[in-house]
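Structural description and commentary
Listed below, chain by chain, are the residues.
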Amino acid sequence: MRLRKMIGLVSLSVVVLTAGFNGVTARAAETIPAFSYVVRFQIEGGDEDGTSKTTVYRETTQVSDAATRGTNVALLPEIGSLLKVKLPKPVPLKDYHQPTIVTYLAGDKVKATITYVDTLGHVVGSRVSHAGLRLGGRVFLVAPTGYQLQANQEASHVVLTSAEVVRVLVQPEPAPKPEPAPKPEPAPKPEPAPKPEPAPKPEPAPKPEPAPKPEPAPKPEPAPKP
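Residues numbered from 1 in each chain as written. Predicted model: local features only at pLDDT ≥ 70, side-chain atom pairs only at ≥ 80, totals over all residues. Heavy atoms only, no water.

Describing the pairing of strand 15 (residues 163-172)
Bridge count for strand 10 (residues 111-117) against strand 15 is 7 bridges, and the pairing is parallel. What sits directly across from Ile-114, in strand 15, is Val-166. With 3 bridges connecting them, strand 13 (residues 147-149) and strand 15 associate as antiparallel partners. Residue Leu-149 lies in a different strand from strand 15, and its bridge partner there is Val-170. (Pairing = 2+ DSSP bridges. Helix = DSSP H or I, 4+ residues; strand = E, 2+ residues; numbered from the N terminus.)

Here it is in structure tokens:
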């Protein structure tokens, strides 16, 4: 939850009493404004994949009655002294709309066991965290094959003990919808019968070749004269 505007100013009046000649007299009241502001708690590093990301762990709304905030932040009781903490510098009242950042630093390496439990309470799988996990880091919750995380199940979990057992709620994956039956292919239209080829015209008979004319006999040569 993130609060971006002042919920209200509550005036706390401090009346200082002094003794006088005629008994008790009162000095002018001193007014200290009380205001609401957001505190964002984040954890730096420590995820099981070995990354050094800074992730938001929680946001709370707190009330301050000082001119600055950040010096009286209420820390998270579930973390306590488990992790080192970097407290914010005091923020001027005029910047009340900006969240106050409190950063916890991930601790030593730890090991967590993740168990997957179905809707009937049966354990359907388990695994051990990866080597990069440190105290204050996250394990990532991925359902085993054939299952999915339940709707109210977070996809990651912050580990705050040295040998934590993380119980993950899963449910069977829905059965896949049957594929619709394919539409039958339309029957092919019959091919039209081929048109009969016209009978070939008969070739005309060849004309007979004319008989060759006989060659004329050669004339005899005249006898030579004596």
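Continuing now.
Remarks on a nonpolar patch on the surface
A contiguous nonpolar patch, built from Leu-75, Val-85 and Leu-87 and spanning about 230 Å² of accessible area, is present on the exposed surface. Along the chain, the position of Val-85 falls in strand 7 (residues 84-86). (Patch = residues over 30% accessible without salt bridge, like charges linked within 9 Å, V, L, I, M, F, W, Y side chains within 5 Å. Areas by Shrake-Rupley, 256 points an atom, 1.4 Å probe, with all protein chains shown as cover. Salt bridge = Lys/Arg side-chain N within 4 Å of Asp/Glu carboxyl O.)

Some words on the sheet that holds strand 11 (residues 123-128)
In space, the 4 strands of this open sheet follow the order 11-10-15-13, with mixed pairing throughout. The open sheet has two edge strands, strand 11 and strand 13, and neither has a second partner. Direction aside, neighbouring strands of the sheet carry axes that sit 35° apart on average. The pairing of strand 10 with strand 11 spans 5 bridges and is classified as antiparallel. When the sheet's bridge partners are listed, Tyr-116 is paired in strand 11 with Gly-125. (Axes fitted to C-alpha atoms, helices over the stretch in contact; angles between N-to-C directions.)

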